[in-house]
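Residues per chain, in single letters:
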Amino acid sequence: MHNKPKKEVILIGAGIMSATLGTLLNKLEPSWNIKVFEKLDQAGKESSNEWNNAGTGHAALCELNYTVEQPDGSIDSSKAVEIYEQFQLSKQFWGHLVEANDIENPQDFIRPLPHISFVYGENHVDFLKRRYQSLSPLPMFEAMKYTEDPEKLTEWIPLMMKNRTSEEPIAATKVEAGTDVNFGELTRKMIDHLEGENAIAVQYHSTVTDIKRLADHSWEVRVVNAVEGTIEHHTADVVFIGAGGGAIPLLQKTNIPESKHIGGFPISGEFLVCQNPDIVNQHTSKVYGKEPDGTPPMTVPHLDRRYIDGQSSLLFGPFAGFGPKFLKKGSNMDLLGSIKPNNVMTLLSAGAKNLPLIKYSIEQVLATKSKRMESLRTFVPGAKDEDWELITAGKRVQVIKDTDDSGRGVIQFGTEIVH
Ligand SMILES: Cc1cc2nc3c(=O)[nH]c(=O)nc-3n(C[C@H](O)[C@H](O)[C@H](O)COP(=O)(O)OP(=O)(O)OC[C@H]3O[C@@H](n4cnc5c(N)ncnc54)[C@H](O)[C@@H]3O)c2cc1C
């Protein structure tokens, strides 16, 4: 038997990331002492909450940005394979937790839902066809179906085909084995299990405001407890900043070299939501389109059947909004406070390099509900204003950093891991 020294671990934030890391660590090293500090009164209330994200179990079954068109016209599917494999690992992990009775009732957080890609216009139809030809010979995508036939499309996506009068060519692919994931419920289940059986301390109403490295290389975090009105100091061998949008300001406090020349730009998401059962019941899949030319993958429009709080609804979006806060429950000073002498040039360079994106973001932010409805009508031609309500979803803080390959001020559209 191995006899490794016991470690002290602090996880900052109780979203899906800390819940997952805490659960993994607890399985692998049950003797380690884990503490979680969460600013709010409950786990999974920020981006991981079910109303704050689109609930896509990203497995590259419908997201067109994971297959990249090369200059010679060929399609690079390596990213799609990688994403697919990662999602299989997530499902195996959740399956293990269910089998081990660590969490119950998986239907509360994962449900089968066909994943469809839908495009219109000659160029996009041509792209989708070549994408299908590149993916379908691979074992993981062999069940993918492709069609340009309006009758088949009406069978797959009746709501989207109704009242469609345009003569433009259209096409879609479909994979039955997609999923809708309630990340909020999954977070709560994992955190409940950690708190319950494993007696891991999850301290709510507790905001980490500073992180310092001590002489012996351990870490000290300063925690403000909003209920007790106290300030506590806790030490740990390892600290994980799983604070979502709040991660960059905390990373900057650590003063590690990786915390320099890095900044973030907050983008809030909005969805149009429909809860009219007559409409909801006509759409039983998740349909991803193609992002507008020159814009990043997060602008990809999609129409999702969701199951939240025991009720089915449709979500369309996300649309981008702007506000200076890094978290939904953040402060108006977040953005300003994150600008430091060491990252101001990084942020300015990113602005200068991404003028089309800035133009697109400004247009998005200024768009009214009727502009957003116009965008919805490219998916659901007969959509009526009164059936759809605009809601505010979660915040993303797009990481901007200097990289060796691409120079100063590069916007990172995926998740960044800094260690
Ligand atoms: C509009 C939108 C749609 C999305 N759609 C999808 C999707 O379809 N599929 C998908 O896989 N992902 C999607 N995402 C991304 C996904 O939601 C996030 O990657 C994920 O929720 C991040 O989890 P997290 O634990 O890092 O952060 P969060 O869930 O935001 O959790 C961070 C936690 O840290 C706490 N915190 C912050 N600062 C402090 C502090 N100083 N001290 C203590 N606690 C603190 C917060 O209160 C919060 O509880 C979407 C995101 C958005 C915004």
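Scroll up a little and you will see the structure.
> Before we go on, may I ask you to explain the overall build of the protein in this structure?
Secondary structure summary: the protein contains 12 helices and 20 strands in total. When its C-alpha atoms are laid out on the principal axes, the protein stretches across 70 × 50 × 45 Å. A total of 419 residues make up the protein; the buried ones form 49% of that total. Total accessible area on the protein stands at roughly 20500 Å², and carbon and sulfur atoms take up 53% of it. Distance between charge centroids for the protein: 4 Å, based on 44 positive and 55 negative side chains.

> Where do I start with the side chain of N225 in this structure?
Examined against the element boundaries, N225 turns out to sit in strand β12 (residues 219-225). Of note is the side chain of N225, whose polar atom sits 3.0 Å from the backbone nitrogen of V227. At a separation of 3.0 Å, a polar atom in the side chain of N225 contacts the main-chain amide nitrogen of E228. Apart from the residues within four sequence positions on either side, N225 is in contact with Q203, H205, S206, T230 and E232.

> Looking at this structure, I do not really get the packing of aromatic side chains. What am I missing?
Where two aromatic rings form a pair, the distance of their centres and the angle of their planes describe that pair. Enumeration over the complete set of coordinates arrives at 8 aromatic pairs. Relative to Y120, the ring of F118 has its centre 6.3 Å away and its plane inclined at 50°; by these criteria the two rings are tilted. The ring of Y307 has R111 lying over it, and the distance from NZ or CZ to the ring centre is 3.8 Å. The ring of F127 carries the charged tip of K290 above its face, separated from the ring centre by 4.7 Å.

> Help me out: how do you make sense of the nonpolar core in this one?
Nonpolar side chains tend toward joint burial in soluble globular proteins. I34, V36, W94, F141, L186 and M190 are the most contacted members of the largest nonpolar core, which has 37 residues in total. Counting residues per element, the ones that place at least two in this core are β1 (8-12), α1 (16-28), β2 (33-37), α2 (78-99) and α6 (183-195). At 7 residues, the largest contribution of residues to this core is made by α2. Apart from the residues within four sequence positions on either side, M190 is in contact with I16, A19, T20, T23, F93, L97 and I103. Core analysis: the second largest hydrophobic core is formed by 25 residues, L153, M160, V287 and F316 among them.

> Just to check I follow, could you spell out the side chain of H302 for this structure?
Here H302 shows up in strand β17 (residues 302-308). Under the relative-accessibility criterion, H302 is labelled buried at 5%. A distance of 2.8 Å separates the side chain of H302 from the side chain of D304, its partner in a polar contact. Those residues in contact with H302 that sit more than four places away from it in its chain are A54, V287, Y288, L315, F316, G317, P318 and F379.

> Would you explain the site of the ligand in this entry?
Near the ligand there are 31 residues, and of these M17, E38, S48, T56 and V208 occur at the shortest range. A distance of 3.2 Å is found between an oxygen atom of the ligand and a backbone nitrogen or oxygen belonging to I16. At 2.5 Å from an oxygen atom of the ligand is found a side-chain nitrogen or oxygen belonging to S48. Protein chains bury 87% of the 1000 Å² of accessible surface belonging to the ligand in isolation. Counting only elements with at least two residues in the shell around the ligand, the list comes to α1, β11 (206-213) and β19 (389-403). Among the residues making up the shell around the ligand, the classes are represented as 12 nonpolar, 14 polar and 5 charged.

> I'm lost on helix α3 (residues 122-135) in this one. Help?
Along an α-helix, residues three or four positions apart point the same way, because every turn accommodates 3.6 residues. Here α3 spans 20 Å end to end across 14 residues, near enough to the 20 Å set by a 1.5 Å rise per residue. Turning to α3, its buried residues number three or more, namely V125, F127, L128, R130, R131, S134 and L135.

> Quick question: what am I supposed to make of the pairing of β11 here?
Taken residue by residue, a regular strand's side chains alternate between the two faces of the sheet. Judged from the 7 bridges that link them, β11 and β12 form a sheet pairing that is antiparallel. Opposite V208, over in β12, you have V223 as the bridge partner. Turn length for the β11-β12 hairpin, with the two strands adjacent in sequence and antiparallel, is 5 residues, and the turn residue H217 shows positive phi of about 75°.

The rules we used
Residues numbered from 1 in each chain as written. Predicted model: local features only at pLDDT ≥ 70, side-chain atom pairs only at ≥ 80, totals over all residues. Heavy atoms only, no water. Helix = DSSP H or I, 4+ residues; strand = E, 2+ residues; numbered from the N terminus. Buried < 20%, exposed > 50% of the residue type's maximum accessible area, 1.4 Å probe, protein only. Areas by Shrake-Rupley, 256 points an atom, 1.4 Å probe, with all protein chains shown as cover. Lys, Arg positive; Asp, Glu negative; His and termini not counted. Charge placed at Lys NZ, Arg CZ, Asp CG, Glu CD. Polar contact = N/O pair within 3.5 Å; in protein donor to acceptor, adjacent residues only side chain to side chain. Contact = heavy atoms within 4.5 Å. Phe/Tyr/Trp six-rings, centres within 6.5 Å; stacked < 30°, edge-to-face > 60°. Lys NZ or Arg CZ within 6 Å of the ring centre and 35° of its normal. Core = buried A, V, L, I, M, F, W, Y, C linked by side-chain atoms within 4.5 Å. Near = heavy atom within 4 Å. Nonpolar A, V, L, I, M, F, W, Y, C, P; charged D, E, K, R; others polar. Expected span 1.5 Å × (residues − 1). Pairing = 2+ DSSP bridges.

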